[in-house]
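Summary of structural features
The chain contents come next:
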Amino acid sequence: NIIKGSYKDCDDVPFLDVGSNFYHLSGFDKRRVVETLDAIYQVTAKQPGLFYLRDPATQKIIGVYTKQGLTLE
């Protein structure tokens, strides 16, 4: 229950839905999770070069990941 899913919105911007266990990870492990997903799927290598992290329970964006790294709200 760390990652719930992923999708692109109507503007082709990628989102990663995080589960409740994502919040229990350390900052280091949160970064490792999103870095690993980016390494596998090369999201930041494509336009727009970022993806948003969203909490599907609250519908709020909790962070963004770019080539510069993870920024949490």
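Scroll up a little and you will see the structure.
This section reports on the structure supplied with the text. Please read these numbers as outputs of a predicted model, since none were measured by experiment.

For the rest of this paragraph, the subject is the overall build of the chain. The helix and strand inventory of the chain stands at 1 helix and 5 strands. At 11 Å, the chain has a C-alpha radius of gyration in line with the 11 Å of a compact globule built from 73 residues. The principal-axis extents of the C-alpha atoms in the chain amount to approximately 30 × 25 × 20 Å. Taking all 73 residues of the chain together, 34% fall into the buried category.

Right, let's get into the pairing of strand S5 (residues 69–72). Sheet topology places strand S4 (residues 60–66) next to S5; 4 bridges connect them, and they run antiparallel. Within S5, the position partnered with Thr66 by the bridge is Gly69.

Conventions and cut-offs
Along every chain, residues carry numbers that run from 1 in the direction the sequence is written. Restriction of local features to residues with pLDDT of at least 70 applies here, the model being predicted, together with a cutoff of 80 or more for giving and counting side-chain atom pairs; totals for whole chains, interfaces and linings are based on all residues. By convention in this description, side-chain values take in all heavy atoms of the structure and omit both hydrogens and water. Each helix corresponds to a stretch of at least 4 residues labelled H or I by DSSP, and each strand to a stretch of at least 2 residues labelled E; elements are numbered beginning at the N terminus. Both definitions apply: the radius of gyration is a C-alpha atom measure, and the globule rule equals 2.2 Å times residues to the power 0.38. The cut-offs for exposure are 20% and 50% of the maximum accessible area for each residue type, with area from a 1.4 Å probe on protein chains only; residues under the lower value are buried, those over the upper are exposed, and the others partly exposed. At least two DSSP bridges between two strands are needed for those strands to be called paired.

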